[in-house]
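# Chain and residue survey
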Amino acid sequence: MSLRSAADGPPAIRPGTARLAGIALLALLAPAATLARNVLGQPGIAAVAAVLATGAALLVARGATRGGLPRRTFDVLLGSLPLVAVYAVSSLADPSLDAIANLGQVVLVVGFYTGMALVRWDRRAVMPLFWVSFALLALHVLWWGALGFPRIFRGYMGHPNGLGMFTYLLSAFPLLVFLTSRRFSTLRNLAALGLLLALLLLYATTSRSAWLAAFASFVVIAAWPALTRRRWRFLATFVLACVAVLVGTWLYLVAPNTEWGWRLQELSVRLTTKNFFSGRQLFWDALAAAVAERPLLGHGAGTEAQSVTGFSWSSHNLYLQTSLQVGFVGLAALFVLLWVVWRQLWHRRRTPFARVAGAFLVGTLVHQMFEVSLTQVNLANGFLVWLVLAIGSSRAEAT
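Residues numbered from 1 in each chain as written. Predicted model: local features only at pLDDT ≥ 70, side-chain atom pairs only at ≥ 80, totals over all residues. Heavy atoms only, no water.

### Observations regarding the overall build of the chain
Rule in force here: Secondary structure is summarised from DSSP: a helix means a run of H or I of at least four residues, a strand means a run of E of at least two, and numbering begins at the N terminus for each. A 1.4 Å probe rolled over the protein chains alone gives each residue an accessible area, and that area as a share of the maximum for its type sets the label: buried under 20%, exposed over 50%, partly exposed in between. Whether two residues are in contact is decided by their heavy atoms, any of which lying within 4.5 Å being enough. In this description, accessible areas are obtained by the Shrake-Rupley approach with a 1.4 Å probe, and a residue is regarded as covered only by the protein chains that are shown.
Within the chain, the regular secondary structure consists of 16 helices and two strands. Buried residues in the chain amount to 54% of all 399 residues. Of the contacts formed within the chain by residues at least 6 apart in sequence, a portion of 78% connects residues at least 24 apart. As displayed, the chain offers around 17,200 Å² of accessible surface, 68% of which is attributable to carbon and sulfur atoms.

In structure tokens:
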């Protein structure tokens, strides 16, 4: 397979009926995969894998038909190699089904993102995703109302935090349509209604991790023109976001042992009726101690939090989970991949697509301080992040 530049011909899949049909199918499969994972349990993982495999199929098809891949695609694939390699080596050193599954999920998300980024995403292509997300948001809000607007609403998810994340990610599509539609047009008004539905549903879930992610995304959306005025500002934004989430994780670890931590606990109960210390403090110390035992390479790609904490929960923190499995080397490799993905947005920085993708990447980094869904565990929701990033990285021009 050869490396080709933009001068060798169009690097993306051209618009057309087949493309839009495929996107519409993806739009239908996305909620189906999420439903399958949360309702059917382990058998539903096959549905999630099928959705993720669509991107890899596009990648293989593009390479086979054109005899090569765009340079930017190769950049992402090269950027993913350290993370794939560290999980592969760890899986070989200590083989298990969990290790192979975690390695496979990393490979699938990389393939999904790179394949979907080959599509020429414009507003027309986003519309099937918009209509499906609008319908899902509307149906959930109606469901919430039919139940009498309970204080905590989880929909068909096993936990309100799952619905909170799903709602946050679905809001990307109304936001994209809102930013690419004419002022005062019917479509823009519908997109605004979709955003309002998302806000109502976020409130209904009481998912504070989703609230924080949405707030972080809002800040980036508002500051995007200033952040992208200079390349160094754009790159520094990602670095600062990464530092912030790592410092935030550390602060949450030490908070139960401090006076200010318990003041935050009282404030959280008073404002949200929910504890600031939501249970993570019960096992994050054990996770941190386990990471400290093998800080460089971790305990193995298949290691789960319950094996070191005694609780039947995941780490509820992507950075602790990755460090537990593949050490600080693996955590650095994860940030390398995300750095490469962030840089992909620079060439489209003046489009609403890149603006939304950048905002949701930063919001997801914040969200992953409290959940694990970007590379494993809850990919039934997490793959939507990669779809939004692919849309932002696409070579299409904004409509």
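Moving on, there is more to tell.
### As for the packing of aromatic side chains
How two aromatic rings sit relative to each other is set out by the distance from centre to centre and by the angle between their planes. Short version of the rule: We call Phe, Tyr and Trp rings a pair once their centres come within 6.5 Å, taking the six-membered ring for Trp, and we label the pair stacked below 30 degrees between planes, edge-to-face above 60, and tilted otherwise. Distance and angle both matter: a charge sits over a ring if NZ of Lys or CZ of Arg is within 6 Å of the ring centre and within 35 degrees of the ring normal.
Under the counting rule described, the total for this entry stands at 17 aromatic pairs. Summarising the aromatic geometry, the rings of Y252 and W284 are spaced 5.1 Å apart at their centres and angled 65° between planes, so their arrangement reads as edge-to-face. Highlighted residues: Y252 in helix α10 (residues 231–254) and W284 in helix α12 (residues 284–293), separated in sequence by 32 residues. You can call W284 buried: its relative accessible area is 1%. Its end group placed over the ring of F178, R188 keeps NZ or CZ at 4.2 Å from the ring centre.

### Observations regarding the pattern of salt bridges
Selection rule: Salt bridges are identified by distance alone: a Lys or Arg side-chain nitrogen within 4 Å of an Asp or Glu carboxyl oxygen.
Within the structure shown, the criterion is met by one salt bridge. Salt-bridge contacts for R263 lead to E259; the nearest nitrogen and oxygen are separated by 2.6 Å. Residue R263 and its partner E259 are both found in helix α11 (residues 259–272); the two are separated by four residues, about one turn of the helix. As far as the burial class goes, R263 and E259 line up, both exposed.

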